[in-house]
Amino acid sequence: MKRTEIVSVFQKRAFGLALTIGAASFVMAQQKVNISGNVKDANGGIGYSSVTFKNTQNAQFSDAVLADVDGNYKLDLVPGNYDVTIEAVDYKKFTKTVAITKAGAIAPFVITSDGKANLNNTTDIQGVVITAASTKPYKVELDKRTYDPSQDIVSKGGSLQDVLSNVPSVEVDTDGTVSMRGSSNVRFLINGKPSALLGIDDGANALQSIPADQIERIEVITNPSSKFEASGTAGILNIILKKNKKAGFNGSVTGTLGYLPQTNLNTNLSWRKGDLTVFVNGGGGYRESKNTNRNNVNYENNGINLLSNRNSESITESQNENYNASTGLIYDITEKTSVNASGTVRTFAHDSKGYTNTFESLFSGGSDFTQRLNTGRSTNLAFQGDLGLDHKFDDNGQNISFSLSLQRNGSNNFTGIDETKNGAFNLSNIVNQKTVNKNIIGKIDYELPIGEYSFLSAGYRLDVNENDYNNMVQESTSGNSDLRYLGLYSYTANYKEMFNAFYLQFKSKIGKLGYQVGLRDEQSNITIDYHNLQGTDPVDNRKKNYNNLFPSIFLSYELSKDNQFLVNYSRRIDRPRSFFMIPNPNYNNNLNIFDGNIDLNPSYVDSYEFGYSISKNKFTINPTIYFRHETDNVNLIAYSRIENINGQPQNVIHSKPVNVGTNDRYGMEVNFNWDATKWLKFLGNVDVFGYNTSGEFFDPNLMTKPLSFDGEGVSVRSRLTSTFKLDKTLSFQVQGFYRGPQNTASQERKPMYAINFGASKTILSGNGTISLNIQDVFNTRAMRNMNFSDGFTSENYMQWQPRQFAVSFTYKFKQGEKVEQPKRKKDINANDTGGDEQGPM
């Protein structure tokens, strides 16, 4: 029975209510008075100044606030004496003692310029993240772009996958595959670290389990510096989850109801007082989906193939439940030392039922009709605990940080298959897959200022990752009704990898020229064990070791404030996924089998970018010219061979990852944001790119002739979001997406486009918001391609999710003034800003 009402989520897992009641106990009432003031210089107000009031008698009464764009601020304080500290970019630090006796305005604070441009503001290669609320959905920094999903109406009430579909430079395919500038080798980080929340091979399910309402921003890093880990040849997506810094008790609750049936309930809660901040986030949801696949294969009459054509259609309907909860704290032990700790648990369950109808025509003139009915059940449970310590040696920027992350992710997958051929029972399969991933990440980061404009950074990181696979396949056939194990596809495997990484980075400034150079060394040690029940090709303690250097260079030249040229280079690595290196890892369809390749090696990319950025009050544009050269490129080969299935010869298609050839990509990407009028805004992304792939693969044991991967051409990707604000409370949003065709010798990929719509209405004096969104209005988001292989060609169609509707309601309560931690130290492990100055390696 389908569960389509939001009440089912409330009854089963009432996360929002439980978390709200629990967090309410944090509230501590104090007799406070409301004060207001202003920070200014000789020319007027100083926007976004950090103002800290430290109570001289009781630190618990201390508080902080971030001034608005005009330098105005307000907050509630217990009457008493306070040491006031004010810090602002390009201004000298200001301190003064004041007495707060009653409510009302206090005298303005007048601060003075430091007389020089601040490197961290204009030429810091790491980028500066301002935590003040912005009217722009994204901002351009020197080595990344920061996207704010709070203004994204079309993904309200959705998931991380929905948000990523709207992020400039990022593309989400119909099956949930995420790519940047055409490459799917994207490295995901959550709060600056790899995370068990995204699993090993969970794909779209993991992306859908993180609610959009819990995402504060997304950092798109197309060319990371040496301070980041070298994995991810396409770049890094750093997902920053919400950690509210507003004084007192704050929070929000969002509920969503949609069709195809979906329900969600999520909450974000926080409590801040003095030196302690506590946050609690959680929620759950239910979603139904429908996946459609069509495949048409035409075989060559080469004397080997039995079939002339195989035409199949597969439709799978699924129900998905996901729940998550996280809590943590940040505590300032002293003015120079802070600790942070957090814990997260996430679970999801996926139930599916579907069929595959296959029509086969033989060269001999006969034909067959096969129907496969399949049921599936997947469950996943992930835990993550993080602990960090940050210490500041002085007020000049000398800092050190330590962090430790313990993670575990376990998945259980069941698939049942019943197949009939020409109306008679043919075979049944039962596939049970269990996967457990355990990960330990430890790191140390150190920063040392040298002189007035220079910084030296150094760090070490240890990653210990272990994956255990247990895959059991049973089969019964018309000739033997007893279930028996298929020994070749039933196996246990263990994959261990340990990375040791060291980096050294130096940045400085000469006049208007800022520069940063870095070098990273990564030592990789991998061990694989594999044994199948058939006893063939066992693998015992197979080792693969790499030691690579990864340099990076960043240059910036500032023509004027918010107007600069950027040039950078970095070298990256694409390590094969553990799943790709396990022999015979997949058996859900005996006619299409994915084979792993234990001899697969990493790919390497040299990445170059030349960009320009200019930002004005109403317009920001960031054109970037890029070039990427990849060697030992990983491609999937496909080949057909005759195999005995249930006593009958059949054409079976195998696919396998191999290292072959090179892949060059070059192009110009333009990101822009334009506030055309008070009621009309545009956010756009256009990427015109060329590609040149080369390489040839031939294995006489698998194919009769070489398979070419040569191809070149030009294509385009574009996205435009238009937001119409009819009044202060009502907005509409229309988003269009287009991906142009792309061809190589082995594949032709057809163009794809989609239109999304959203509307948002603010109610209840600004505390409530009702949102409506329609994903894929015209139901056109589907992937189509042609594949050319030895002995056959295939035409494929896939639609992962048809058109969807959703309505959501968000309620915010006790919204205090925004607070930014004073610049006493860089809270690296807490990743409050999430920038790479926060230490993700």
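Residue numbers run consecutively from 1 along every chain, following the written order of its sequence. Predicted model: local features are reported for residues with pLDDT of at least 70 only, side-chain atom pairs are reported and counted for 80 or more only, and whole-chain, interface and lining totals are derived from all residues. To obtain the side-chain values, all non-hydrogen atoms of the structure were used and water was disregarded.

Moving on to the nonpolar core. Nonpolar core, defined: a set of buried Ala, Val, Leu, Ile, Met, Phe, Trp, Tyr and Cys residues in which side-chain atoms within 4.5 Å join the residues together. The buried label applies to any residue whose accessible area, calculated with a 1.4 Å probe on protein chains only, is under 20% of its type's maximum; exposed applies above 50%, and partly exposed to all values in between. Membership of the largest hydrophobic core comes to 23 residues, with the highest contact counts inside it found for Leu164, Ile218 and Leu237. Labels follow the DSSP assignment, with helices taken as runs of H or I lasting at least four residues and strands as runs of E lasting at least two, numbered in each case from the N terminus. At the level of elements, helix H4 (160-164), strand E12 (170-172), strand E13 (178-180), strand E14 (186-190), strand E15 (215-221) and strand E16 (235-241) are the ones that each hand at least two residues to this core. Non-local contacts of isoleucine 218, meaning those with residues more than four positions away in its chain, are made with Arg145, Thr146, Tyr147, Leu160, Val163, Leu164, Val167, Leu237, Asn238 and Ile239. Formed by 21 residues, the second largest nonpolar core is a distinct cluster that contains Tyr73, Leu75, Leu77 and Phe109. When checking whether two residues touch, look at their non-hydrogen atoms; a contact exists if any pair is within 4.5 Å.

Turning to its location among the elements, threonine 334 is positioned in the loop between strand E20 (307-332) and strand E21 (337-362). Linking threonine 334 and histidine 391, residues 57 residues apart in sequence, is a C-alpha distance of 9.3 Å. Any pair of nitrogen or oxygen atoms within 3.5 Å is treated as a polar contact; in protein, a donor-acceptor pairing is required on top of that, and neighbouring residues in sequence qualify only through side-chain atoms on both sides. There is a polar contact of 3.1 Å between the side chain of threonine 334 and the backbone nitrogen of lysine 336. Within the local environment of threonine 334, its side chain forms a polar contact with the backbone nitrogen of threonine 337, the two atoms lying 3.1 Å apart.

Before going further, it helps to examine the sheet that holds strand E3 (residues 50-55). Strand pairing follows a simple DSSP-based rule, namely that at least 2 bridges must link the two strands. Spatially, the 4 strands line up as an open sheet ordered E4-E3-E6-E7, and their pairing is antiparallel. Each end of this open sheet is capped by a strand with a single partner; those strands are strand E4 (63-66) and strand E7 (94-100). Along the sheet, successive strands turn relative to each other by an average axial angle of 20°, direction set aside. As paired strands, E3 and E4 are joined by 4 bridges and run antiparallel to one another. Directly across from threonine 52, in E4, lies its bridge partner alanine 64. To obtain an axis, a line is fitted to C-alpha atoms, over the contacting stretch when the element is a helix, and the angle between two such axes runs from 0 to 180 degrees between their N-to-C directions.

So, about the environment of tyrosine 82. Inspection of the secondary structure puts tyrosine 82 in strand E6 (residues 80-87). In this structure, the C-alpha to C-alpha distance between tyrosine 82 and phenylalanine 53, residues 29 residues apart in sequence, is 5.6 Å. For tyrosine 82, the contacting residues outside a window of four places in its chain are Phe53, Lys54, Asn55, Thr56, Phe61, Leu77, Lys96, Thr97, Val98 and Ile100. Of note is the side chain of tyrosine 82, whose polar atom sits 3.3 Å from the side chain of asparagine 55.

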